[in-house]
Amino acid sequence: MYKIAAMGDRNSIYGFVSLGIGIFPADDTVQAVKTLRRLADNGYAVIFITEALAADIQTEIDKYKNEPLPAIIPIPGISGNNGIGMKQVSQFVERAVGSDIVN
């Protein structure tokens, strides 16, 4: 059975516990990269990651871009939205449809 995780600063991801989603606080990029690799290698199919953290480790996230799993989904954190998640959705749609119909 596949699992779901949330990564980011503790205040942004703590609420996911109530949904049964595993939380993995990460305060620095080295820790975040190690955690992402561990989650990807241990059966996590969906990994929610705060946009701020995703921006810091984008190179590592890109390694999973063409893999079927895990799906790495940027989400806004408590510090707000920086547009990375919407940009990624737009890129996925353009790749699937052939043109950017989101914007």
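How each quantity is defined
The numbers attached to residues start from 1 for each chain and follow its sequence in the written order. Restriction of local features to residues with pLDDT of at least 70 applies here, the model being predicted, together with a cutoff of 80 or more for giving and counting side-chain atom pairs; totals for whole chains, interfaces and linings are based on all residues. Hydrogens are left out, water is left out, and the side-chain values use all remaining heavy atoms of the structure. Put simply, DSSP H or I for four residues or longer makes a helix, DSSP E for two residues or longer makes a strand, and each gets a number counted from the N terminus. Note on definitions: a residue-residue contact is assigned when non-hydrogen atoms from the two residues lie within 4.5 Å. Throughout, exposure labels follow a simple rule: accessible area from a 1.4 Å probe, protein chains only, divided by the maximum for the residue type, with under 20% read as buried, over 50% as exposed, and the rest as partly exposed. Strand pairing requires that DSSP identify at least two bridges connecting the strands. Within this scheme, the nonpolar core is defined by two criteria: the residues are buried Ala, Val, Leu, Ile, Met, Phe, Trp, Tyr or Cys, and they are joined through side-chain atoms within 4.5 Å. Each reported salt bridge corresponds to a side-chain nitrogen of Lys or Arg within 4 Å of a carboxyl oxygen of Asp or Glu. By definition, pLDDT measures how confident the predictor is in each residue, and it falls between 0 and 100. We call two N or O atoms a polar contact when they sit within 3.5 Å, provided that within protein one can donate a hydrogen and the other can accept it, with sequence-adjacent residues counted only if both atoms are side-chain atoms.

Caption draft 1: Representation of the overall build of the protein chain. A count of helices and strands for the protein chain gives five helices and four strands. Secondary structure elements in the protein chain, listed N-terminal to C-terminal, are β-α-β-α-β-α-α-β-α. Within the protein chain, residue pairs in contact and separated by at least 24 positions form 58% of the contacts whose partners lie at least 6 positions apart.

Caption draft 2: Examining the pairing of strand S3 (residues 44-50) more closely. Among the seven residues of S3, five are classified as buried, and the element is accordingly described as predominantly covered. Note that strand S1 (residues 3-8) and S3 share five bridges and pair parallel. Residue pairing across strands places Lys3 opposite Tyr44, the latter belonging to S3. The pairing of S3 with strand S4 (residues 71-75) spans five bridges and is classified as parallel. Opposite Ile49, over in S4, you have Pro74 as the bridge partner.

Caption draft 3: Spotlight on the nonpolar core. Among the nonpolar cores identified, the biggest contains 18 residues, and Met7, Leu36 and Ile49 are the most heavily contacted of them. Counting residues per element, this core draws most heavily on helix H2 (residues 29-41), at five residues. Contact partners of Met7, with chain neighbours within four places excluded, come to Ile13, Phe24, Ala32, Thr35, Leu36, Leu39, Ile47, Phe48, Ile49, Thr50 and Leu53. Ala6, Phe16, Ile21 and Ile75 belong to the second-largest nonpolar core, a separate cluster that totals six residues.

Caption draft 4: Just the pattern of salt bridges, in detail. According to the stated counting rule, one finds two salt bridges in the structure shown. Note that Lys63 is salt-bridged to Glu60, the shortest N-O span being 3.2 Å. Judged by relative accessible area, which is 51%, Lys63 ranks as exposed.

Caption draft 5: Expanded view of the confidence of the model for the protein chain. Considering every residue of the protein chain, the mean pLDDT works out to 87; 78% of them sit at 70 or more. At the level of individual helices and strands, the protein chain shows its lowest average pLDDT in helix H5 (residues 84-97), which scores 65, and its highest in strand S2 (residues 22-25), which scores 97.

Caption draft 6: Broad picture of unusual backbone geometry. With an omega of 0 degrees, the peptide bond running from Leu69 to Pro70 counts as cis. Note that Pro70 resides in the loop between helix H4 (58-62) and S4.

Caption draft 7: Region of the structure containing the environment of Tyr44. Mapped onto the elements, Tyr44 comes out in strand S3. Separated by 28 residues in the primary sequence, Tyr44 and Ile72 have C-alpha atoms spaced 9.8 Å apart. Residues within four places of Tyr44 in sequence aside, it is in contact with Lys3, Ile4, Ala5, Phe24, Leu39 and Pro70.

Caption draft 8: Spatial organisation of the side chain of Ser12. Relative to the assigned elements, Ser12 resides in helix H1 (residues 10-13). According to the relative accessible area criterion, Ser12 is buried, its value standing at 14%. A polar side-chain atom of Ser12 sits 2.8 Å from the main-chain amide nitrogen of Ile78.

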